[in-house]
Amino acid sequence: MSRVAAFVFLIIFFLGMSTELFIRPGIIVPGDAAATVKNIATSEALFHLSLVSDLIRQMFLMLLPLVLYKLLKPVNKNIASLMVISALVSVPISMLNELNHFAVLLLSNGAGYLTIFKADQLNALVMFFLELRKYGTFLPQFLSFWVLLLGYLVFKSGFLPEFWESC
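Residues numbered from 1 in each chain as written. Predicted model: local features only at pLDDT ≥ 70, side-chain atom pairs only at ≥ 80, totals over all residues. Heavy atoms only, no water.

### Regarding the overall build of the protein
Stage number 1. When its secondary structure is counted, the protein shows 9 helices and 0 strands.
Stage number 2. Listing each helix as α and each strand as β along the protein from the N terminus yields α-α-α-α-α-α-α-α-α.
Stage number 3. Relative to its length of 167 residues, the protein is extended, with a C-alpha radius of gyration of 20 Å against a globular reference of 15 Å.
Stage number 4. In terms of principal-axis extent, the alpha carbons of the protein reach across some 65 × 25 × 25 Å.
Stage number 5. Within the protein, buried positions represent 35% of all 167 residues.
Stage number 6. Considering only contacts in the protein between residues 6 or more positions apart, those separated by 24 or more positions represent 75%.
Stage number 7. Only carbon and sulfur atoms are counted for the fraction: they give 72% of the accessible area of the protein, which is about 10,100 Å².
Stage number 8. Taken together, the 11 basic and 9 acidic charged side chains of the protein have centroids lying 9 Å from each other. (Helix = DSSP H or I, 4+ residues; strand = E, 2+ residues; numbered from the N terminus. Rg over C-alpha atoms; globule rule 2.2 N^0.38 Å. Buried < 20%, exposed > 50% of the residue type's maximum accessible area, 1.4 Å probe, protein only. Contact = heavy atoms within 4.5 Å. Areas by Shrake-Rupley, 256 points an atom, 1.4 Å probe, with all protein chains shown as cover. Lys, Arg positive; Asp, Glu negative; His and termini not counted. Charge placed at Lys NZ, Arg CZ, Asp CG, Glu CD.)

### Side note on the nonpolar core
Stage number 1. Leu64, Leu68, Met83, Trp146, Leu150 and Leu153 are the most contacted members of the largest nonpolar core, which has 19 residues in total.
Stage number 2. Among all residues touching Leu64, those that are not within four sequence positions of it are Ala5, Val8, Phe9, Ile12 and Trp146.
Stage number 3. One finds Ile27, Phe47, Val104 and Leu105 within the second-largest nonpolar core, a separate group that totals 15 residues. (Core = buried A, V, L, I, M, F, W, Y, C linked by side-chain atoms within 4.5 Å.)

### Things to note about the packing of aromatic side chains
Stage number 1. Taken as a whole and assessed by the stated rule, the structure comprises 3 aromatic pairs.
Stage number 2. Geometrically, the ring pair formed by Phe13 and Phe14 is edge-to-face, given 5.4 Å between the ring centres and 70° between the ring planes.
Stage number 3. For Phe14, a relative accessible area of 52% gives the class exposed.
Stage number 4. Of note, Lys134 hangs over the ring of Tyr135, and the distance from its end group to the ring centre comes to 5.2 Å. (Phe/Tyr/Trp six-rings, centres within 6.5 Å; stacked < 30°, edge-to-face > 60°. Lys NZ or Arg CZ within 6 Å of the ring centre and 35° of its normal.)

### Thoughts on the side chain of Ser90
Stage number 1. Inspection of the secondary structure puts Ser90 in helix α4 (residues 77-97).
Stage number 2. In this structure Ser90 touches Pro140 and Leu143, once residues within four positions along its chain are discounted.

Here's what the structure looks like:
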């Protein structure tokens, strides 16, 4: 079971890092709305990929605490349950935050109903939703109390090698 948890965690890590370090920085130009909108329009498939990657990562973030629960339930069932509950609270918030990603795609696709807006207004709206998405990630990070519970359970489990116990 620990190997499954490690594998799920690695998937989450690589999906998150690939999106945050490689995809978005090449598309989003801080402080330059016009360049950002142009990059999104020219790299729409890549922007879609970052969205899909984030949604898949959130699905694995639902799976990880359940796998960890099965592994750590013998240590303390109540704390393991609390860990799962607090972990699963942040996932729907993160998924709802991805609606800002969809808004950016809708605003930058050039649909006919957007002709009422001037280019500068559309660019400002795109940047607004990108900023809203960025700030929307802070709440799930704040709710990451489950990681402390995970650390406690791992520490109490005896899974750590002996040299950690002497610290």
